[in-house]
Number of protein chains: 2
Amino acid sequence: MSLNVSFNPRLLKRYLPILDWGSKYNRQAFANDGIAAIIVTIMLIPQSLAYALLAGLPPEAGLYASIVPIMLYTVFGTSRALAVGPVAVVSLMTAAAVGQVADQGTAGYATAALTLAFLSGAMLMALGLFRLGFLANFLSHPVIAGFITASGILIAASQLKHILGIDAGGHTLVHLIESLWVHLGQINWITLVIGVSATAFLFWVRKGLKPLLKKAGLGPRLADVVTKAGPVAAVVVTTLVTGVFHLDGQGVKIVGAVPQSLPPFTWPVSSLALMQQLFVPALLISIIGFVESISVAQTLAAKKRQRVNPDQELIGLGAANIGAAFTGGFPVTGGFSRSVVNFDAGAETPAAGAFTALGLGIAALFLTPLIYFLPKATLAATIIVAVLSLVDFKILKTTWDYSKADFTAVLATIILTLLSGVEVGVSAGVILSIALHLYKTSKPHIAEVGLVPGTQHFRNVLRHEVRTTPELVTIRVDESLYFANARFLEDYILDRVAEDQAIKHVVLMCPAVNEIDTSALEALEEINRRLADNGILLHLSEVKGPVMDRLQKSHFLHDLSGQVFLHQFAAMKALGDVTDEGHTTPPENPPTSPEEAA
Amino acid sequence: MSLNVSFNPRLLKRYLPILDWGSKYNRQAFANDGIAAIIVTIMLIPQSLAYALLAGLPPEAGLYASIVPIMLYTVFGTSRALAVGPVAVVSLMTAAAVGQVADQGTAGYATAALTLAFLSGAMLMALGLFRLGFLANFLSHPVIAGFITASGILIAASQLKHILGIDAGGHTLVHLIESLWVHLGQINWITLVIGVSATAFLFWVRKGLKPLLKKAGLGPRLADVVTKAGPVAAVVVTTLVTGVFHLDGQGVKIVGAVPQSLPPFTWPVSSLALMQQLFVPALLISIIGFVESISVAQTLAAKKRQRVNPDQELIGLGAANIGAAFTGGFPVTGGFSRSVVNFDAGAETPAAGAFTALGLGIAALFLTPLIYFLPKATLAATIIVAVLSLVDFKILKTTWDYSKADFTAVLATIILTLLSGVEVGVSAGVILSIALHLYKTSKPHIAEVGLVPGTQHFRNVLRHEVRTTPELVTIRVDESLYFANARFLEDYILDRVAEDQAIKHVVLMCPAVNEIDTSALEALEEINRRLADNGILLHLSEVKGPVMDRLQKSHFLHDLSGQVFLHQFAAMKALGDVTDEGHTTPPENPPTSPEEAA
């Protein structure tokens, strides 16, 4: 029995990029990928345990979330260096979302995390298949920067309980601080010593060790890689100390028994009600995860003059999350620090990811007994040190100087994320930046323009020395004309002509008008009618091709009292009293200097 | 005791327009306003009873809603001809909103209607005081047109039960039809005869009587006014017939006993929970009511070269609604048909409204016993005939021809209003039109331009015969650069230079760039860096004043590899190989014909 399937190899390569790079795979690439994988694996073991803790899940979930997802991304992803797995912000968002529907430590909590990963994966994949990746563009850069900063603070605050050895909780800064304050009497001093030492050590590794290593003659790359292995050292030392002195008997919370197993098969779909509850959080996680991942992927690709395909990236991340959902994980995405390590360590193809998965699989099978005595405080320290590097308030200064609207959006995002949690914060940032953009376009900049002497160019009469004619007023609207500003334009023009009896012609100069929608068309018809009632002709100039195509489908050009000019200079020549006042003199007898004529 | 209050008379006149027109009031204006008031009063009596029925309230509520609100609008409003009171669409929205929180006929229902009017009044007043009237502009013309059409259909369908004499209900077309179908067996045939006759009579009055009257020698205005009195004739005849034959004993539903009273004092604020439930409906009613009212007011003002002040109109309508809330009414706004009648009948000042209120007050005190036998079917007939004139599907054809985006928004508004009710319909229309606008701006039109020979003007190479130079590519982005399209621009430019090795200069021509936000600035910095890596210089030309001001606050101009040119022709002269190829020849030795030189 033969199945006759016709298929398009190009299409197959688009959806399975592995076919593209896999066919050219060679020994050199294998060696490079292998070395990168070993380094990334060493770095990922403590990191994945820590992010599981942050997400409120047992440590093994972090390992599981790093194995199958990485392999699936290898097949479907387009970035050569992206390392997929649990990341700080997404883990925090997972904790916030799942914490709303289940209590931490219950079976329902783990299932909800799987459901969240499944929903997020399905959404990412759908966005990719329908090529809706552009939706992520509605998250403005400043909003992302503010959100990441605020999330970093929230994450660090959420880990303080592990450093202090107390029970506390909460998903907003106020709740976290309140909860820490209430339980402050329960501080476990040994835990505190371990936690603070680990944190101090890791900060030193990050800030102090690297210059030291460089001085010692290590290359900057190698110094970087050694630095990144700092958390492993902290894990080894604190685990040994805790194990040797049996500090768990003194109240130091440890990771404890972790099953020795490859990722288990898990079923992520439970109740429809749960899926409905997690729908919005999953969407936010998908978008934030995608934005984080695509920025990393594009930054790294640019360094090697490669390109990533955003829609295929969505499919890759979708597959990774669905993989996480079926293998005991939780939502994942492309992480910044691990991808940079992967890139710096020389990873050439996504195969490096597959080898990393292999390494983590071995760790899950054989190494878990070794971390029985690992203090949770150590993991919390690695998280705190990692996320504090995300905290950067510079964006507030930058946007304050450059754009008050962007500043407002960032400030709102930061404050709301801290005070009301990640979901409210990022949603408010998106809505506010869209609202501010719409507000600005609803009250567009309108300039009255005149001829710049010696050119055929027209500029704002208030900013440039230009020539004008009393009976001809040229109005340049610096915005597309659409429903939100149609009435504004109508009011502006009618007010302008009401105060000036000399006007015989109004030219609407349209180089900045990229669209005229139905509402604006009605406004223009009204303006045309009202000006005609006053004996004033309305003209258009510099109407763009696509806008003109559209206008030709309407009655407007037929009803227009004046003409449409290809460019403003032609309008001035036809309508202005030019010969008397000599406006066209400069272009005809240009007073050009030699340089200008060159 | 003297109180020393310093006040600004201009400010007082802004908030109390009555001080302006009141000081110039004379006998002629009084006579004109009086005549208009008599005509409008006669028209308003059946109309206000009918709209109370539509809102699910007792008939007297319609009279009450027309008395104090009209007087308050007289004091605070700026339109000379606007007649405020219950209108069809707002009454329908009231029925839909109040129907969700209380059962028709209960005391809670009437209270909820008062609360709704109070909330709506407070919102309108707040919008006016904070000058937020521009928010109404986000309701695009096509969405309004679609919404009014769909509402007209819903209203007509909701009145069929009165024509058929059966009990039915529902706030969506499907529910209405279903409910009518279920109760079809209960048809009261006498009611049906009255209802159908009244409807047919009123249609004839509207379509057939006016030409007849004109033929008989009446002036077109008088013919119009007589036509508008048609409902009064229908009311008188059907009331007489019903009373004489005691048809109410045969199951014909009548208006019955209506209290003889001036508007009572009512307290609109009951529970906080109720106010929360009615918050969104009140907001929608406020916006729809304001949009309807301001369009009527502006249309009528334009005919007499007057202007209305939108923010003061909000205050006027807010006061009217608060007045309705405290005097047994329900939400009101400026109505189209009554305002046109008022205008055509010669109303000169808002005093005409006050006189109308006086007339309705007299009616409420003395005439209500006369309408005891008025069949509800007659009121339903006046509603149906009035609203069917609102139904106009032409907007679908217009937008289909002109703009598919607008068409989509209209179609969605119509379908969702019919199938899911007024609130969902209008909200979806607003959200969809904003989303489609954002979508369009997120994928802007980008043109590569060249010099139009014989001018200094640059146009699209694909649309015009223009001159270009291989090493210089000029890209004109037809959109403001902001977060939603920043990445799109980056991809476009980098793809464009990747495919063409000859390029040495990229000029970004910015006449259509009305804003560059922080996200776009970062994208430009990235483009500048990446082009520089490839040995290509990035230049800007025709950057607008406000955009340039902003850029000067950033590092970008300092980092920019190329220059900023005031106009594109200067960029071409400086960068293009112009002397060799003779691009600048035309402007220097213009081949102008005599007309062109004129």
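Within every chain, residues take consecutive numbers counted from 1 along the sequence as written. Following the order in which they are written, the chains are lettered starting with A and the ligands numbered starting with 1. Residues qualify for local features only when their pLDDT is at least 70, as the model is predicted, and side-chain atom pairs are given and counted only at 80 or more; totals for whole chains, interfaces and linings, by contrast, use all residues. Just so you know, side-chain values use all the structure's heavy atoms and leave hydrogens and water out.

A.B. asks: What am I meant to see in the overall build of chain A here?
C.D. replies: By definition, any uninterrupted DSSP run of H or I lasting at least four residues is a helix, any uninterrupted run of E lasting at least two residues is a strand, and each is numbered from the N terminus. When helices and strands are counted, chain A shows 28 helices and eight strands. In terms of overall dimensions, chain A has C-alpha extents of about 100 × 70 × 60 Å along its principal axes. Between buried and exposed lies partly exposed: a residue is buried under 20% and exposed over 50% of the maximum accessible area for its type, with that area taken using a 1.4 Å probe on protein chains only. When each of the 598 residues of chain A is scored for burial, the buried share is 57%. Put simply, 79% of the contacts in chain A that link residues at least 6 apart link residues at least 24 apart. In the structure as shown, chain A presents an accessible area of about 24,500 Å², 64% of it carried by carbon and sulfur atoms. Counted charges follow a simple rule, with Lys and Arg positive, Asp and Glu negative, and His plus the chain ends left uncounted. Charge placement uses NZ in Lys and CZ in Arg. For Asp and Glu, CG and CD serve respectively. In chain A, which carries 40 positive and 42 negative side-chain charges, the distance between the mean positions of the two groups comes to 13 Å. Note on definitions: a residue-residue contact is assigned when non-hydrogen atoms from the two residues lie within 4.5 Å. Reported accessibility uses the Shrake-Rupley method at a 1.4 Å probe radius. Residues are deemed covered only where the shown protein chains occlude them.

A.B. asks: When you look at the confidence of the model for chain A in this model, what are you seeing that I'm missing?
C.D. replies: Detailed reading of the predicted coordinates is not advisable wherever pLDDT is low. Residue and element names in this part refer to chain A. Per-residue confidence for chain A gives a mean pLDDT of 86, with 94% of residues at or over 70. Confidence scores labelled pLDDT are given residue by residue by the predictor and lie between 0 and 100. Note on residues 1–5: pLDDT under 50 across the span, and zero contacts to partners over four residues away in sequence or across chains. Below a pLDDT of 50 lies the segment residues 579–598, which in the model reaches 41 contacts outside its immediate sequence neighbourhood of four places, other chains included. Scored as a whole, the predicted complex attains pTM 0.82, and scored at its interfaces, ipTM 0.80.

A.B. asks: Just checking my understanding: could you explain the pairing of strand β7 (residues 537–541) of chain A for this structure?
C.D. replies: Sheet faces and side chains relate simply in a regular strand, where the side chains alternate between the two faces. All names here are of chain A. Along β7, four of the five residues are buried, which leaves the element largely enclosed by surrounding structure. Two strands form a pair only when DSSP identifies at least two bridges running between them. Relative to β7, strand β6 (residues 505–509) runs parallel, the two sharing five bridges. The residue of β7 that forms the bridge with Val 506 is Leu 538. By convention, a crossover is right-handed whenever its connection, traced from the first strand over the helix to the second and viewed with the strands pointing away, goes clockwise. You can see the chain leave β6, run along helix α22 (residues 518–533) and come back into β7, and the turn it takes is right-handed. Here β7 runs beside strand β8 (residues 564–565); their pairing, made up of two bridges, is parallel. The residue bridging Ser 541 from the neighbouring strand is Phe 565, located in β8.

A.B. asks: It is not clear to me how the relation of the copies chain B and chain A should be interpreted in this structure. Could you clarify?
C.D. replies: Look at the two chain copies: a rotation about an axis and a shift along it is all it takes to match them. Once turned by 180° and shifted 0.0 Å along the axis, chain B lies on chain A with an RMSD of 0.1 Å. Here the copies are linked by what is in effect a two-fold axis. The rotation axis passes nearest to the C-alpha of Ala 512 of chain B in chain B, at a distance of 1.8 Å. In this assembly, 99% of the residues forming the interface of chain B have copies in chain A that are likewise at the interface, indicating an isologous arrangement. Alignment of copies: least-squares fit on C-alpha atoms of residues with pLDDT of at least 70 in both copies.

A.B. asks: Sorry if this is basic, but what is going on with the sheet that holds β7 of chain A here?
C.D. replies: Strand-to-strand pairing in sheets goes through backbone hydrogen bonds, with the strands running parallel or antiparallel. Residues and elements named next belong to chain A. If you trace the six strands from one edge of the open sheet to the other, you get β4-β3-β5-β6-β7-β8, paired in mixed fashion. Here the strands that pair on one side only, and so sit at the sheet edges, are β4 (458–460) and β8. In this sheet, strand β5 (residues 472–477) lies alongside strand β3 (residues 446–451) in antiparallel orientation, the contact comprising three bridges. Directly across from Ala 447, in β5, lies its bridge partner Arg 476. Across the face of the sheet, helix α21 (residues 483–498) comes into contact with β3, β5 and β6 while running at roughly 160° to β5. The strands that helix α25 (residues 568–575) touches are β3, β4, β5, β6, β7 and β8; relative to β6, the one it contacts most, it runs at about 175°. Under this scheme, a helix contributes an axis fitted over its contacting stretch, all axes are lines through C-alpha atoms, and angles between N-to-C directions fall in the 0 to 180 degree range.

A.B. asks: Would you take a moment to explain the interface of chain B and chain A for this structure?
C.D. replies: Many authors give the size of an interface as the accessible area that is lost as the parts come together. Facing 78 residues of chain B, the contacting portion of chain A comprises 77 residues. Joining two parts hides part of their accessible area as seen by a 1.4 Å probe, and the buried area is that hidden amount summed over both. On the chain B side of the contact with chain A, Tyr 402, Phe 483 and Arg 487 of chain B bury the most area, a combined 11% of that side's loss. The salt bridge definition used is simple: a Lys or Arg side-chain nitrogen within 4 Å of an Asp or Glu carboxyl oxygen. Inspection of the region where chain B meets chain A yields six salt bridges. Two residues, Lys 544 of chain A and Asp 478 of chain B, come together in a salt bridge whose shortest N-O distance is 3.2 Å. Pairs of N or O atoms are called polar contacts if they sit within 3.5 Å, as long as, within protein, a hydrogen donor faces a hydrogen acceptor (for residues adjacent in sequence, only side-chain-to-side-chain pairs). Counting every contact that joins chain B to chain A gives 29 residue pairs in polar contact (both at pLDDT 80 or more). With seven residues, helix α20 (residues 422–442) of chain B is the single largest residue contributor to the side of chain B that touches chain A.

A.B. asks: Would you mind showing me how to read the domain arrangement of chain A here?
C.D. replies: Domain segmentation is taken from an automatic or database assignment of domains. Under the domain assignment, chain A is made up of domain 1 (29–394) and domain 2 (446–586). Taking only C-alpha atoms, the centre of domain 1 of chain A and the centre of domain 2 of chain A are 57 Å apart.

A.B. asks: I would appreciate a short explanation of the packing of aromatic side chains in the present structure.
C.D. replies: Think of a pair of aromatic rings as described by two things: how far the centres are apart, and how the planes are tilted against each other in angle. For Phe, Tyr and Trp, rings pair up if their centres lie within 6.5 Å, where Trp contributes its six-membered ring, and each pair is then called stacked (planes under 30 degrees apart), edge-to-face (over 60) or tilted (otherwise). Counted by the stated rule, this structure contains 20 aromatic pairs over all chains. Taking 4.9 Å as the distance between ring centres and 75° as the angle between the ring planes, the aromatic pair formed by Tyr 482 of chain A and Phe 483 of chain A counts as edge-to-face. The two residues Tyr 482 of chain A and Phe 483 of chain A agree in class, both being buried. Taken together, a centroid distance of 5.4 Å and an interplanar angle of 80° make the contact between Phe 30 of chain B and Phe 355 of chain B edge-to-face. Placement of Phe 30 of chain B in helix α3 (residues 27–54) and of Phe 355 of chain B in helix α16 (residues 351–367) is noted, with a sequence separation of 325 residues between them. What links up through ring pairs into an aromatic cluster is the set Phe 118, Phe 265, Trp 267 and Phe 326 of chain A. By definition, being over a ring means that NZ of Lys or CZ of Arg is both within 6 Å of the ring centre and within 35 degrees of the ring normal. Stacked on the ring of Trp 400 of chain A, the Lys or Arg Lys 404 of chain A has its end atom at 4.4 Å from the ring centre. Against the face of Phe 134 of chain A rests Lys 443 of chain B, its NZ or CZ located 4.5 Å from the ring centre.

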